[in-house]
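Close look at the chain arrangement
The lines below spell out each chain.
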Amino acid sequence: MSQNLVESIKKDALQLKDINDYKPLINQVSEAKFVLLGESSHGTSEYYKIRAELSKKLIQENGYTYIAVEGDWPACQHINRYIKSYDNRYENAREALTAFGRWPTWMWANEELIDLVEWLKSYNQERPKEEQVGFYGIDVYSLWESMEEIIKYLEETNSPDLETAKKAFACFEPFNRDPQLYGVSGSFYSEDCKDEVVELLTKITLDKKKYTSYYEEGKLNLEVNAIVTANAENYYRTMVTDDTESWNIRDRHMVEVLNRINSYYGEKAKGIIWEHNTHVGDARATDMAEVGMVNVGQLLREQNGDKKVFIVGFGTHRGTVIAADEWGVDFERMIVPPAQEGSWEDMMHKAGPHDKLLIFDKNNRDSYSDRIGHRAIGVVYNPRYEQYGNYVPSIMSERYNAFIYINNTNALLPLEVERVLL
């Protein structure tokens, strides 16, 4: 298989030298409602830079209306409000990015993102409010921050639902903002806040037409923070006992938020989603499906049809990366060793040690229909042990619509921010 696969890659892949070489990819996605741009690590500079340039092209040439990322909704709202000039809290993008205080801060508080944020602000300043591009976080982790945002909104609008929100918040206070402590209490001792957050979400959902928007996108912000609160409570309670179900809660939450953003933008809605390959690459084409796991790419394809969803995977052969050797500790600049022999990245390298784009279509799909190990690096990473758990068996032509391979990659450049360990 190996030699045939290498020859197929040589035949089908396009060499990448500059942004103009991505034109065939941009042309392919023109009809998609969602374009999913992956990454094989959360700490690689080239992935952020390439996704930024592709996003600019998609916004300018294809009319995409928002970018959604694997980040917290409240923190990303600081970026959204900055690029749409809703407030003047920050003088520049560098300042705005310091809003990302939750570990791992480097995922969004990094030098590579500054140019895109400033570009989005400049782009929006030339357009009316209804045509401005948004920036949103769709992850599930911001339980306490989202509750604080809800209370702030309800206080400033004199809402009768304020007491319900305060009751929910008070329920979580004994856990000192410690998700693991809450998860253990909820899972093993039935000391949870499920009833309180369900009551809050129900009230906000039923009363949403009554709310006045005292600031731009206020209602959207309120609704999504309520969804985060309910789903995060469920996620933290479940993660202690069931890794598979907690994963599914998280990815279903991301899709729920994407659908809410789409509703806000209406018929013109077209989203660019930045997430790890493990979230965007269709889980049905990996061993994730064997244990009952789903992900964003799969769910979006099931809901919208394959033609409305275009998924781009990313990978590298070797380089450096920002990661940590355990959860919550300071990041390190680590060496990414050469890809494992026989892996997808190894085959791409053997087809030529240069950057390349491979678009899967009806003419070549069968050539990439065998399962092959495909590297995935998380925020926690140990290069010495990567052969034991960093390669996901994948049918590449079913997992993605296209793949961007960067032969040698470099670590992100994190910004200095106040760090919150949660």
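Below is a summary of the structure that appears in this document.

Conventions used here
Residues numbered from 1 in each chain as written. Predicted model: local features only at pLDDT ≥ 70, side-chain atom pairs only at ≥ 80, totals over all residues. Heavy atoms only, no water. Helix = DSSP H or I, 4+ residues; strand = E, 2+ residues; numbered from the N terminus. Rg over C-alpha atoms; globule rule 2.2 N^0.38 Å. Buried < 20%, exposed > 50% of the residue type's maximum accessible area, 1.4 Å probe, protein only. Core = buried A, V, L, I, M, F, W, Y, C linked by side-chain atoms within 4.5 Å. Contact = heavy atoms within 4.5 Å. Disulfide = S-S within 2.5 Å. Phe/Tyr/Trp six-rings, centres within 6.5 Å; stacked < 30°, edge-to-face > 60°. Lys NZ or Arg CZ within 6 Å of the ring centre and 35° of its normal. Pairing = 2+ DSSP bridges. Polar contact = N/O pair within 3.5 Å; in protein donor to acceptor, adjacent residues only side chain to side chain.

**A word on the overall build of the protein chain**
Looking only at helices and strands, the protein chain has 16 helices and eleven strands in total. Compactness check: the protein chain gives a C-alpha radius of gyration of 21 Å against a globular reference of 22 Å for 422 residues, within 12% of the reference. On the principal axes, the C-alpha backbone points of the protein chain span a range of 65 × 55 × 40 Å. Across the 422 residues that make up the protein chain, the buried fraction comes to 59%.

**Points about the nonpolar core**
Trp 274 and Ile 404 are the most contacted members of the largest nonpolar core, which has 58 residues in total. Every residue in contact with Trp 274, bar those within four places of it in the chain, is listed here: Leu 37, Tyr 48, Arg 51, Ala 52, Ser 55, Ile 67, Ala 68, Val 69, Glu 70, Trp 108, Leu 113 and Leu 116. Ranked by size, the runner-up nonpolar core spans 42 residues in total, among them Tyr 136, Val 255, Val 280 and Tyr 405.

**Regarding the state of the cysteines**
In total, this model carries one disulfide according to the counting rule given. Paired by a disulfide, Cys 171 and Cys 193 hold their sulfur atoms 2.0 Å apart. For the disulfide bridge between Cys 171 and Cys 193, the dihedral angle about the S-S bond is near -90°, and by the sign convention the bridge is left-handed. With Cys 171 in helix 8 (residues 162-172) and Cys 193 in the loop between helix 9 (179-188) and helix 10 (194-207), this residue pair connects regions lying 22 residues apart in the sequence. By the burial criterion, Cys 171 is buried, and Cys 193 matches it.

**What to know about the side chain of Asn 262**
The topology assignment puts Asn 262 in helix 12 (residues 243-265). In this structure Asn 262 comes out as buried when scored by relative accessible area, which is 7%. Filtering out sequence-adjacent residues up to four positions away, Asn 262 remains in contact with Lys 33, Phe 34, Tyr 66 and Ala 269.

**Focus on the packing of aromatic side chains**
As enumerated under the stated definition, the model contains 24 aromatic pairs in all. For the ring pair Tyr 48 and Trp 274, a centre distance of 6.2 Å and an interplane angle of 80° mean the geometry is edge-to-face. Here the residue Tyr 48 occupies a position in helix 3 (residues 45-62), and Trp 274 occupies one in strand 5 (residues 271-274), the gap between them amounting to 226 residues. Measuring from ring centre to ring centre gives 5.7 Å for Trp 344 and Phe 403, while their planes differ by 90°; the resulting arrangement is edge-to-face. Of the two residues, Trp 344 is situated in helix 15 (residues 344-350) and Phe 403 in strand 11 (residues 402-409); the sequence distance between them amounts to 59 residues. Note on accessibility: Trp 344 and Phe 403 belong to one class, buried. Taken together, Tyr 66, Trp 73, Tyr 136, Tyr 264 and Tyr 265 form an aromatic cluster joined through their ring pairs. Of note, Arg 51 hangs over the ring of Tyr 48, and the distance from its end group to the ring centre comes to 4.8 Å.

**Describing the pairing of strand 2 (residues 34-37)**
Neither face of strand 2 is open: one carries Phe 34 and Leu 36, the other Val 35 and Leu 37, and all of them are buried. The pairing of strand 2 with strand 5 spans four bridges and is classified as parallel. For Val 35, the partnering residue across the bridge sits in strand 5 and is Ile 272.

**Things to note about the environment of Asp 72**
Inspection of the secondary structure assignment puts Asp 72 in the loop between strand 3 (66-69) and helix 4 (73-83). Looking at Asp 72, the relative accessible area reads 11%, which means it is buried. Along the primary structure Asp 72 and Gln 60 are separated by twelve residues, whereas in three dimensions their C-alpha atoms are 26 Å apart. The residues contacting Asp 72, other than those within four sequence positions of it, are Arg 102, Gly 137, Asp 139, Tyr 141 and Ser 142. For Asp 72, the side chain forms a polar contact with the side chain of Arg 102, separated by 2.5 Å.

**Here we look at helix 14 (residues 296-304)**
Every α-helix carries 3.6 residues per turn, so stepping three or four residues along brings you back to the same face. Of all the residues in helix 14, the buried ones are Val 296, Gly 297, Gln 298, Leu 299, Leu 300 and Arg 301. Against strand 2, helix 12, helix 13 (277-280), strand 6 (309-323) and helix 16 (396-399) lie the buried residues of helix 14.

**Concerning unusual backbone geometry**
With an omega dihedral of 0°, the bond running from Trp 103 to Pro 104 counts as a cis peptide bond. A positive phi angle, near 55°, is found at Ser 85, a position not held by glycine. Within the secondary structure layout, Ser 85 lies in the loop between helix 4 and helix 5 (93-97). The residue Asn 158 is not glycine, and still its phi comes out positive at about 50°. Among the secondary structure elements, Asn 158 is positioned in the loop between helix 7 (143-156) and helix 8. Under the relative-accessibility criterion, Asn 158 is labelled exposed at 68%.

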